[in-house]
Amino acid sequence: MLQYGSCFCHCTGVLWTIKKESIRWLISQDRLEEAEDAVRKFAKINKVDLPEFLFASLEEETHRDHVKHKTSVLDLFRSCIILRRTIVIAFIWFVNSLVYYGLSLNINSIGGNLYLNFLLMGAVEIPAYIFCLLILDRIGRKLLLSSAMLLSGIATACLAAVPEKLHLLQMLMVLTGKFGIATSFASVYIYTAELLPTPVRSAGVGICSMMARVGGIIAPQIALLAVFLKSLPYLVFGTCAVIAGLLVLALPETLNKPLPETVEEAEHLGKLIGSASEADERSPLISDGNDTPEHELS
């Protein structure tokens with residue numbers, strides 16, 4: 001099975017030669033010819049005719065933006081606003097992974113049938129992902145993420161107070177916590193990408209993902225605290241989730257907002273944004289389909 005899996009992984013490398021780069025990223029890197037080729041290829045596949053002036057206006061606008069804005073990965077740290085958001089969202093990723101793997105790996109501390117408990121811990125993620133899919137575009141990323149983490153944190157912390165003989169109630173608390181953290185984990189990917197500007201989006205998501213791996217590494221060590229007090233791991237997991245859920249409230253909402261193309265646009269998320277002239281200047285090729293009216297509070 002490992003050999004078959006390894007062969008499949010090598011075969012997926014072929015996709016690198018087929019898949020096109022992100023058009024937004026190509027534009028942000030001033031690689032307009034490649035962006036134009038990609039757009040024309042997609043237009044041809046979809047049998048859409050593109051007027052020439054789109055690319056002319058795009059070249060002029062992109063050149064103007066590059067003269068004004070020289071961006072690099074260091075912009076994550078130069079801007080105080082972006083830096084604060086990156087720290088908060090990285091901590092949220094850390095806590096998501098910490099609680100997710102902490103609950104999963106500590107399931108043997110719950111009474112009852114170990115195999116049934118493990119099966120339920122995996123199965124509860126299915127409704128969590130379906131719930132996230134149905135609610136994410138209705139109530140917004142911020143409210144969903146915060147509510148899911150608070151739900152998981154409160155349920156996990158309350159588990160510490162449940163007597164060991166109440167196996168059913170213990171399992172109910174664990175499943176509630178796992179449902180909340182699975183919902184949170186599913187939504188944080190989208191929220192993070194929408195918070196960061198295009199030139200540093202991949203680097204920012206990479207930093208957050210790295211912090212999540214750190215959380216996954218620490219989770220088994222937190223579970224060992226049960227040697228001193230059996231409920232201590234759940235208190236740590238629950239407290240971290242509640243803190244992270246409250247920190248989400250300090251971030252702006254991104255639902256129905258255009259993806260930020262520059263650091264300045266990312267900084268203005270959550271504030272009064274744009275003017276009519278600025279909205280008109282955005283190129284149709286890099287504008288988002290979810291653009292909202294001007295002067296809307298996030």
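Residues numbered from 1 in each chain as written. Predicted model: local features only at pLDDT ≥ 70, side-chain atom pairs only at ≥ 80, totals over all residues. Heavy atoms only, no water.

As for the overall build of the chain
So, step 1. When you go through the chain residue by residue, the secondary structure sums to 15 helices and zero strands.
So, step 2. The buried share of the chain, reckoned over its 298 residues, is 42%.
So, step 3. For the chain, the proportion of contacts with a sequence separation of at least 24, taken over those separated by at least 6, is 77%. (Helix = DSSP H or I, 4+ residues; strand = E, 2+ residues; numbered from the N terminus. Buried < 20%, exposed > 50% of the residue type's maximum accessible area, 1.4 Å probe, protein only. Contact = heavy atoms within 4.5 Å.)

Examining the pattern of salt bridges
So, step 1. Counted by the stated rule, this structure contains three salt bridges.
So, step 2. A salt bridge links Lys178 to Glu125; the nearest nitrogen and oxygen atoms lie 3.1 Å apart. Residue Lys178 is located in helix α11 (residues 167-195), and its partner Glu125 is located in helix α9 (residues 125-139); the two are separated by 53 residues in the primary sequence.
So, step 3. Look at Lys178 and you get buried, because its relative accessible area is 2%.
So, step 4. The salt bridge involving Glu194 is made with Arg141; its shortest N-O contact spans 2.8 Å. In this pair, Glu194 sits in helix α11 while Arg141 sits in helix α10 (residues 141-159), placing the two residues 53 residues apart along the sequence. As far as burial versus exposure is concerned, Glu194 and Arg141 are alike and both buried.
So, step 5. Taken together, the shared-partner salt bridges connect Asp137, Arg141 and Glu194 into one network. (Salt bridge = Lys/Arg side-chain N within 4 Å of Asp/Glu carboxyl O.)

Focus on the packing of α10 against α11
So, step 1. Taken N-terminus to C-terminus, the directions of α10 and α11 make an angle of 155°; their axes are 7 Å apart at the nearest point. Overall, the two elements α10 and α11 adopt an arrangement that is roughly antiparallel. As α10 runs across α11, the sense of the crossing is left-handed.
So, step 2. Across the contact of α10 with α11, the residue classes tally to 15 nonpolar, nine polar and three charged. (Axes fitted to C-alpha atoms, helices over the stretch in contact; angles between N-to-C directions. Parallel < 35°, antiparallel > 145°, perpendicular 65-115°, else oblique. Left-handed = near helix turned anticlockwise from the far one by under 90°. Nonpolar A, V, L, I, M, F, W, Y, C, P; charged D, E, K, R; others polar.)

A few points about α10
So, step 1. In this model, α10 (19 residues) spans 27 Å end to end at C-alpha, consistent with the 27 Å of a helix rising 1.5 Å per residue.
So, step 2. Of the residues making up α10, those classed as buried are Arg141, Leu144, Leu145, Ser146, Ala148, Met149, Ser152, Gly153, Ala155, Thr156 and Leu159. (Expected span 1.5 Å × (residues − 1).)

As for the side chain of Ser104
So, step 1. As for its position among the elements, Ser104 is in helix α7 (residues 80-105).
So, step 2. At a separation of 3.2 Å, a polar atom in the side chain of Ser104 contacts the side chain of Lys178.
So, step 3. Each residue touching Ser104, except ones within four places of it in the same chain, is listed here: Met121 and Lys178. (Polar contact = N/O pair within 3.5 Å; in protein donor to acceptor, adjacent residues only side chain to side chain.)

Remarks on the side chain of Asn96
So, step 1. As for its placement among the helices and strands, Asn96 is situated in helix α7.
So, step 2. Engagement of the side chain of Asn96 in a polar contact is seen with the side chain of Ser184, the distance being 2.7 Å.
So, step 3. With near-sequence residues (within four places) excluded, Asn96 lies in contact with Met149, Ile181, Ser184, Phe185 and Val188.

Remarks on the environment of Asn108
So, step 1. Along the chain, Asn108 falls in the loop between α7 and α8 (114-123).
So, step 2. Separated by ten residues in sequence, Asn108 and Phe118 have C-alpha atoms that sit 8.5 Å apart.

Brief notes about the packing of aromatic side chains
So, step 1. The final tally for this structure, using the stated rule, is seven aromatic pairs.
So, step 2. Both rings, one in Tyr100 and one in Tyr101, keep their centres 5.1 Å apart while their planes meet at 80°; by these two values the pair is edge-to-face.
So, step 3. Tyr101 gets classed as partly exposed once you look at its relative accessible area, which sits at 33%.
So, step 4. Both rings, one in Phe185 and one in Tyr189, keep their centres 6.1 Å apart while their planes meet at 25°; by these two values the pair is stacked. In this pair, Phe185 and Tyr189 both sit in helix α11, four residues apart, roughly one turn of the helix.
So, step 5. Judged by its relative accessible area of 43%, Tyr189 is partly exposed. (Phe/Tyr/Trp six-rings, centres within 6.5 Å; stacked < 30°, edge-to-face > 60°.)

Limitation: the analysis is restricted to geometry and does not speak to function.
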